[in-house]
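The lines below spell out each chain.
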Amino acid sequence: MAKETQNTKTYSSRGLELSERIVSINRVSKVVKGGKRFRFSVLVVVGDGVSQVGLGMGKAKEISVAMKKGIEHAKKNMIDLKKTGHTLPHPIIGKFGAAEVLMRPAAPGTGVLAGSSVRPIMELGGIKDVIAKVTGRTSNPINIAYATMDAVKRLRTPEEIYRLRGKERKEA
């Protein structure tokens, strides 16, 4: 029972104005001698809307406690999203489990053409123009979110590539 919500809250941490968005809420049940025990797992994306983004999962008996745990986990796992202007520097495919996400740079004014778990990561990471497509063999929002984060971690700017190759960038 996964749900997508558009809840966004803003708070300040380490001098950053961070926003959070819930990607999915899962109710998990365990059958025990006396009946069923219910728990919740919440997937949360946290970002500053400029270049920092993090993903976290919290699990608890109550949704509010699970959300707090997810936010803390996401803040600890924040990464710097590399971009060129308001889009990605190059096309990339992120993989996690059976999930694959293809992300391509887009022309200015295109917007975020992405679905499910990819959209909040791009929006809270400060990407304004991107085309994304889930190409894997799953529609699991958790795996899609982790595949998106895998792609974001592997992005490189042209300056980084020139530096790694030991070359000078020629101005046109």
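Residues numbered from 1 in each chain as written. Predicted model: local features only at pLDDT ≥ 70, side-chain atom pairs only at ≥ 80, totals over all residues. Heavy atoms only, no water.

## Regarding the pattern of salt bridges
Taken as a whole and assessed by the stated rule, the structure comprises four salt bridges. Between R119 and E123 there is a salt bridge, and its shortest N-O distance comes to 3.4 Å. In this pair, R119 and E123 are both assigned in helix α2 (residues 118-124), four residues apart and thus about one turn of the helix distant. You can call R119 partly exposed: its relative accessible area is 30%. Look at E123 and you get partly exposed, because its relative accessible area is 29%. (Salt bridge = Lys/Arg side-chain N within 4 Å of Asp/Glu carboxyl O. Helix = DSSP H or I, 4+ residues; strand = E, 2+ residues; numbered from the N terminus. Buried < 20%, exposed > 50% of the residue type's maximum accessible area, 1.4 Å probe, protein only.)

## Things to note about the pairing of strand β7 (residues 99-105)
For strand β6 (residues 92-96) and β7, the ladder comprises five bridges, and the chain directions are antiparallel. The residue of β7 that forms the bridge with K95 is E100. Hairpin connection of β6 to β7: two residues between the antiparallel strands, including G97 at a positive phi of 60 degrees. Here β7 pairs with strand β9 (residues 130-134) via five bridges, running antiparallel. Looking across to β9, one finds that R104 is bridged to I131. (Pairing = 2+ DSSP bridges.)

## Let's talk about the side chain of D129
Relative to the assigned elements, D129 resides in the loop between α2 and β9. In this structure the side chain of D129 is engaged in a polar contact, spanning 3.2 Å, whose partner is the backbone nitrogen of T110. (Polar contact = N/O pair within 3.5 Å; in protein donor to acceptor, adjacent residues only side chain to side chain.)

## A word on the confidence of the model for the protein chain
Looking at the protein chain as a whole, the pLDDT averages 89, with 90% of positions reaching at least 70. This stretch, residues 1-5, has a pLDDT under 50; its non-local contacts, to residues over four places away or in other chains, come to 13 contacts. (pLDDT = per-residue confidence, 0-100. Contact = heavy atoms within 4.5 Å.)

## Here's the deal with the domain arrangement of the protein chain
When its domains are assigned, the protein chain resolves into domain 1 (10-79) and domain 2 (81-162). Measuring from the centre of the C-alpha atoms in domain 1 to the corresponding centre in domain 2 gives 21 Å. With 20 residues of domain 1 at the contact, the number on the domain 2 side is 16 residues. The largest contributions to the domain 1 side of the interface with domain 2 come from R21, L55 and I79, which together make up 34% of the buried area. For the interface between domain 1 and domain 2, the tally reads one salt bridge. The tally of links between domain 1 and domain 2 comes to four residue pairs in polar contact (both at pLDDT 80 or more). Listed by contribution, the elements that provide at least two residues to the side of domain 1 that touches domain 2 are β2 (16-32), β3 (35-47) and β4 (52-60). The element contributing the most residues to the side of domain 1 that touches domain 2 is β2, with six residues. Residues belonging to the side of domain 1 that touches domain 2 are distributed by class as follows: nine nonpolar, eight polar and three charged. (Domains from an automatic or database assignment. Buried area = accessible area lost by both parts, 1.4 Å probe. Nonpolar A, V, L, I, M, F, W, Y, C, P; charged D, E, K, R; others polar.)

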